[in-house]
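Residues per chain, in single letters:
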Amino acid sequence: MSEVVIIGASFAGIPIAHSLLKDIPSIKITLINPSPTFYFTIAAPRILAKRDAFKSEQYLLPIEKEFSRYPKKSFKFIQGRASAIDVSAKTVSIDNNTRTIPFDYLVIASGSTTASTIEKNATPIPFKQSGSNNMKTLIHNAQDRINTAQNIVIGGAGPIGVELAGEIAEAARLAGRKVNITLVSASYRILPMLKPGGSMAAEKLLLAQGVNVLTSRKVTGAMQNPDSGKWTVTLDMDGNKLDADLYIPTTGVLPNNDFIPVEFLDENGWVVVDKELRVKGRSRSKSASLPIFAAGDITNNSMRLSFKAQEQAAVLASNLKADIQGRGGKRKAYDQGDKIMMVVPVGSTGGTGLIFGWTPWSAMVKMVKGKDFLISKAQEAVAAK
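Before going into details, it helps to say that this report is about the structure given with it. (Residues numbered from 1 in each chain as written. Predicted model: local features only at pLDDT ≥ 70, side-chain atom pairs only at ≥ 80, totals over all residues. Heavy atoms only, no water.)

**Some words on the overall build of the protein**
When helices and strands are counted, the protein shows ten helices and 21 strands. Computed over C-alpha atoms, the radius of gyration of the protein comes to 21 Å, within 12% of the 21 Å expected from 2.2 N^0.38 for 385 residues, which places it in the range of a compact globule. Excluding contacts between residues fewer than 6 apart, the proportion of contacts in the protein whose partners are at least 24 apart in sequence is 64%. Roughly 17300 Å² of accessible area belongs to the protein as shown, and the carbon and sulfur atoms make up 52% of that amount. (Helix = DSSP H or I, 4+ residues; strand = E, 2+ residues; numbered from the N terminus. Rg over C-alpha atoms; globule rule 2.2 N^0.38 Å. Contact = heavy atoms within 4.5 Å. Areas by Shrake-Rupley, 256 points an atom, 1.4 Å probe, with all protein chains shown as cover.)

In structure tokens form, the structure reads like this:
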């Protein structure tokens, strides 16, 4: 019986586990994750901005329950944090090395996080699964903070920043509450990955909701007063300062890599993988024989999107099955491509994006994602259906 350990239970780790269990009856899967629940992060902007939009059980789903259909001897869920990988011994240590789990094959799907999710000196705003097991509390605290702030500065005008600004503005308007929202973009236009028409459409929608959009400006510093809780946000160029009740950074992602051997990481901390999603060590000859794979945000594939993680999961699962079953033949290769596929709601009534090279109509964005932020797909994601 091959023992496969999977670190991380999100958009990559969960479908890999399901795929292996469905096709290899004799396998044993150990799935390790800090939280017992799967967080449907696609809907995070609406979840955080609109407390009553969804019930918590719609976006925080129990992981272990979805694997109860497999034999007990085939699957084990461990709630904990991976703390080290011993390549020679083929073990994973959990919770500061208090426990070790052996593996024949290892899958690293630990994902990424954001600066706002792991904020230590202020209220975390969790756009991603945190490293803790209290996601419900973190989300509720963030909702309270956003709902009571009168002046909000959002740093970064990518999809998360734009979606969040639109959701907060709409929620405040519907509640009859006055909120000043400033969205800061380092680029000369918001959503710079889209066509100019898409950027213009999003800015028009934000301005209609009263959001102040600053372009070609970059946040160079953000300090919170420990006594009042107020923020002072400094911008580049003239050093202009913005006062805020709440500052939310939405730029960039950080790899969850503190347990991963340095030899597997690139200069930015992402796990280096080949086209088959096998982990590459710094020694090519050595890495070729390692029974270690990685998928999702943690890899050095630059498009860190949920559907890209699911695409990688399918490729990895196929190649791992071939290794376990000793099958030859053609193996699958992953290529993230260079085409942007993105739908960005700006509130519940419309939005913009880029689909197969064209900018979708606002009404289409509302229909596809804006109405419920795909929350109806959350159960499918954790069940891998």
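Back to the text.
**What about the pattern of salt bridges?**
Applying the stated criterion across every chain yields a total of 15 salt bridges. The salt bridge partner of Arg217 is Asp236, with a shortest N-O separation of 3.8 Å. One end of the pair, Arg217, is in the loop between β13 (212-214) and β14 (219-224); the other, Asp236, is in the loop between β15 (231-235) and β16 (241-244), and 19 residues separate them in sequence. Residue classification places Arg217 among the buried positions, given a relative accessible area of 15%. You can call Asp236 partly exposed: its relative accessible area is 22%. Two residues, Arg331 and Glu276, come together in a salt bridge whose shortest N-O distance is 2.8 Å. With a gap of 55 residues between them, Arg331 in the loop between α8 (306-325) and β20 (342-345) and Glu276 in the loop between β18 (254-255) and α7 (284-287) connect regions that are remote in the sequence. (Salt bridge = Lys/Arg side-chain N within 4 Å of Asp/Glu carboxyl O. Buried < 20%, exposed > 50% of the residue type's maximum accessible area, 1.4 Å probe, protein only.)

**A short note on helix α4 (residues 135-148)**
At 3.6 residues per turn, the α-helix brings residues three or four places apart onto the same side. With 14 residues, α4 extends 20 Å from end C-alpha to end C-alpha; this agrees with the ideal 20 Å at 1.5 Å per step. Buried within α4 are the following residues: Met135, Leu138, Ile139, Ala142, Gln143 and Ile146. Along the axis of α4, the buried residues cluster in a sector spanning 135°; they form a single face. (Expected span 1.5 Å × (residues − 1). Arc of directions from axis to C-beta.)

**Quick word on the nonpolar core**
The nonpolar side chains of soluble globular proteins are, as a tendency, buried together. Val4 and Val162 are the most contacted members of the largest nonpolar core, which totals 107 residues. Ignoring sequence-local partners within four residues, the contact set of Val162 consists of Ala157, Leu183, Ile190, Leu191, Ala202, Leu206, Val344 and Val346. If you look at the next biggest cluster of nonpolar residues, it comprises nine residues, including Ala122, Val184, Trp231 and Leu242. (Core = buried A, V, L, I, M, F, W, Y, C linked by side-chain atoms within 4.5 Å.)

**Thoughts on the environment of Pro62**
Looking at the secondary structure, you find Pro62 in strand β4 (residues 60-62). A relative accessible area of 39% places Pro62 in the partly exposed class. Once you skip the residues sitting within four places of it in the chain, Pro62 turns out to touch Pro36, Thr37 and Val382.

**Focus: the packing of helix α1 (residues 13-23) against α8**
Two numbers describe how α1 lies on α8: the axes approach to 9 Å, and their chain directions differ by 40°. As α1 packs across α8, the resulting crossing turns out to be right-handed. Mapping the contact onto sequence places Pro15, Ile16, Ser19, Leu20 and Asp23 in α1 and Ala313, Leu316, Ala317, Leu320, Lys321 and Gln325 in α8. In terms of residue class, the contact of α1 with α8 is built from seven nonpolar, two polar and two charged. (Axes fitted to C-alpha atoms, helices over the stretch in contact; angles between N-to-C directions. Left-handed = near helix turned anticlockwise from the far one by under 90°. Nonpolar A, V, L, I, M, F, W, Y, C, P; charged D, E, K, R; others polar.)

**Describing the environment of Ser35**
With respect to the helices, strands and loops of the structure, Ser35 is situated in the loop between β2 (28-33) and β3 (37-39). Distance in space between the C-alpha atoms of Ser35 and Ile78 is 9.3 Å, their sequence separation being 43 residues. Sequence-distant contacts of Ser35, that is, excluding residues within four places in its chain, are made with Ile63, Phe77, Gln79, Gln129, Ser132, Asn133 and Met135. At 3.0 Å, the side chain of Ser35 forms a polar contact with the side chain of Thr37. (Polar contact = N/O pair within 3.5 Å; in protein donor to acceptor, adjacent residues only side chain to side chain.)

**Re the packing of aromatic side chains**
With the rule as written, the count across this model stands at six aromatic pairs. Aromatic side chains Trp231 and Tyr247 sit 5.8 Å apart centroid to centroid with 55° between the ring planes, which places their arrangement in the tilted category. Here Trp231 is found in strand β15, whereas its partner Tyr247 is found in strand β17 (residues 246-249), with 16 residues between them in sequence. An identical accessibility class is assigned to Trp231 and Tyr247; each is buried. Taken together through their ring pairs, the aromatic side chains of Phe11, Phe38 and Phe40 make up a single cluster. The positively charged end of Arg304 is found above the aromatic ring belonging to Trp270, 3.5 Å away from the centroid. (Phe/Tyr/Trp six-rings, centres within 6.5 Å; stacked < 30°, edge-to-face > 60°. Lys NZ or Arg CZ within 6 Å of the ring centre and 35° of its normal.)

**Topic: the pairing of strand β21 (residues 351-354)**
Judged by which residues are buried, β21 turns out to be covered on both faces: Gly351 and Gly353 on one side and Thr352 and Leu354 on the other are all buried. Relative to β21, β20 runs antiparallel, the two being bridged by four bridges. The residue bridging Met342 from the neighbouring strand is Leu354, located in β21. Counting the residues in the hairpin turn of β20 and β21 gives five residues, including Gly347, whose phi is positive at 85°. (Pairing = 2+ DSSP bridges.)

**Points about a nonpolar patch on the surface**
A surface patch of nonpolar side chains, about 510 Å² in accessible area, is lined by Met341, Phe356, Trp358 and Trp361. Among the secondary structure elements, Trp361 is positioned in the loop between β21 and α9 (362-370). Judged by its relative accessible area of 64%, Trp361 falls in the exposed class. (Patch = residues over 30% accessible without salt bridge, like charges linked within 9 Å, V, L, I, M, F, W, Y side chains within 5 Å.)

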